[in-house]
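# Descriptive structure summary
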Amino acid sequence: MNYIIENSIDPLEYNRLRNTIGWDSKDESLIKDAVNSSAIVKSIKIDDKTIGMARAIGDGIYYLIVDVVVDKEYHGKGFGKVLIDEISKEVYGRTQVGQKASIILISMQGKEGFYEKCGFRKVPFDFTGYGMMKSIQK
């Protein structure tokens with residue numbers, strides 16, 4: 001299947017993808033701000049249809065993958081791995097020789113195996129403690 005990788009995502013497509021997997025829609029202005037503030041944005045298009053997207057926020061040392069969404073119709077065809085690989089290649093290209101960057105994420109429950117296949121390790125390991133999260137809702 002031929003596809004194109006782009007470095008952007010339209011807010012309408014962002015919400016459409018979220019909706020295909022049962023996630024709620026986000027306010028369009030918030031999406032624009034979030035995408036513009038992201039260090040890395042990748043989307044996959046097939047025949048002008050966006051079928052997946054991923055983005056990461058980061059500072060050059062640490063990158064946090066905050067979205068990986070593939071249209072439900074295209075699940076199981078390797079597009080999630082393509083997105084993760086694209087982010088990893090981008091981080092590698094930005095990392096200075098002799099330095100190290102880390103890519104971090106919080107997996108959706110039940111998706112840990114997918115991320116392990118992409119080279120991630122469950123936390124805690126070696127010197128790390130548990131990943132932590134705090135949600136703020138208004």
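The structure this text deals with has already been given above.
Right, let's walk through the structure included here. Small disclaimer: the values here were computed from a predicted structure and weren't measured.

## What to know about the environment of isoleucine 5
For isoleucine 5, the position within the fold is in strand 1 (residues 4–6). Remark: the alpha-carbon pair of isoleucine 5 and methionine 53, spanning 48 residues in sequence, is separated by 9.3 Å. Here isoleucine 5 is in contact with Lys42, Ser43, Ile44, Val82 and Glu86, once residues within four sequence places are set aside.

## Some points on the packing of aromatic side chains
Inspection of every chain in the model, using the stated rule, returns four aromatic pairs. With centroids separated by 4.8 Å and ring planes inclined at 70°, the aromatic side chains of phenylalanine 114 and tyrosine 115 adopt a geometry described as edge-to-face. What makes phenylalanine 114 partly exposed here is its relative accessible area of 28%. Among the aromatic residues, ring-to-ring pairing joins Tyr3, Tyr74 and Phe79 into one connected group.

## Overview of the side chain of threonine 50
The topology assignment puts threonine 50 in strand 3 (residues 49–58). Sequence-distant contacts of threonine 50, that is, excluding residues within four places in its chain, are made with Ile9, Glu13, Arg16, Leu17, Ser43, Ile44 and Lys45.

## So, the nonpolar core
Counting 21 residues, the largest nonpolar core has Ile65, Phe79, Ile84, Ile87 and Phe120 as the members making the most contacts within it. Counting only elements with at least two residues in this core, the list comes to strand 2 (40–46), strand 3, strand 4 (62–70) and helix 3 (79–94). For this core, the element with the most residues is helix 3, which contributes six residues. Setting aside residues no more than four positions away along its own chain, isoleucine 84 makes contact with Ile65, Val68, Phe114, Tyr115, Cys118 and Phe120. Grouped together as the second largest cluster of nonpolar side chains are eight residues, Tyr14, Ile31, Val41 and Val69 included.

## Structural notes on the sheet that holds strand 4
On the basis of which strands lie adjacent, the open sheet formed by five strands has the order 1-2-3-4-5 and mixed pairing. Whereas interior strands pair on both sides, the edge strands pair on one side only; in this sheet they are strand 1 and strand 5 (102–105). Ignoring strand direction, the axes of neighbouring strands in this sheet form an average angle of 25°. Relative to strand 3, strand 2 runs antiparallel, the two sharing seven bridges. Residue lysine 42 lies in a different strand from strand 3, and its bridge partner there is alanine 54. Sheet strands touched by helix 1 (residues 11–20): strand 3 and strand 4. Its angle to strand 3, the strand with the most contacts, is close to 100°. This element, helix 3, spans strand 1, strand 2, strand 3, strand 4 and strand 5 of the sheet and lies at about 140° to strand 2.

## Side note on unusual backbone geometry
Following valine 123, the chain continues to proline 124 via a peptide bond in cis, the omega torsion being 10°. With respect to the element layout, proline 124 can be found in the segment after helix 4 (112–117). Backbone geometry at aspartate 126 places phi at a positive 40°, although glycine is not the residue there. Tracing the backbone shows aspartate 126 in the segment after helix 4. The exposure class assigned to aspartate 126 is exposed, which follows from its relative accessible area of 66%.

## Looking at helix 3
Spanning 16 residues, helix 3 covers 23 Å between terminal C-alpha atoms, matching the ideal 22 Å at 1.5 Å per step. Of all the positions in helix 3, only Phe79, Gly80, Val82, Leu83, Ile84, Glu86, Ile87 and Val91 are classed as buried.

Thresholds, definitions, all that
- Residue indices begin from 1 for each chain and proceed along its sequence in written order.
- Reporting of local features is limited, given that this is a predicted model, to residues whose pLDDT is at least 70; pairs of side-chain atoms are given and counted only at 80 or more, and all residues count toward the totals for whole chains, interfaces and linings.
- Side-chain measures were taken over the full set of non-hydrogen atoms in the model, leaving aside hydrogen atoms and water.
- Elements are defined by DSSP. Helices are runs of H or I of four residues or more, strands are runs of E of two residues or more, and each kind is numbered from the N terminus.
- The contact rule is simple, with two residues in contact once any of their heavy atoms fall within 4.5 Å.
- Two rings belonging to Phe, Tyr or Trp (six-membered ring only in the last case) form a pair when the distance between their centres is within 6.5 Å. Interplanar angles under 30 degrees mark stacking, angles over 60 mark edge-to-face geometry, and anything in between is tilted.
- For each residue, the accessible area found with a 1.4 Å probe, counting protein chains only, is set against the maximum for its type, and the residue is called buried under 20%, exposed over 50%, and partly exposed in between.
- Buried Ala, Val, Leu, Ile, Met, Phe, Trp, Tyr and Cys residues form a nonpolar core when they are joined through side-chain atoms within 4.5 Å.
- A pair of strands counts as paired when DSSP detects no fewer than two bridges linking them.
- Only the stretch in contact is used when fitting a helix axis, every axis being a line fitted to C-alpha atoms; angles between N-to-C directions are given from 0 to 180 degrees.
- Expected span of a helix, by definition, is 1.5 Å for each gap between consecutive residues, and there is one gap fewer than residues.

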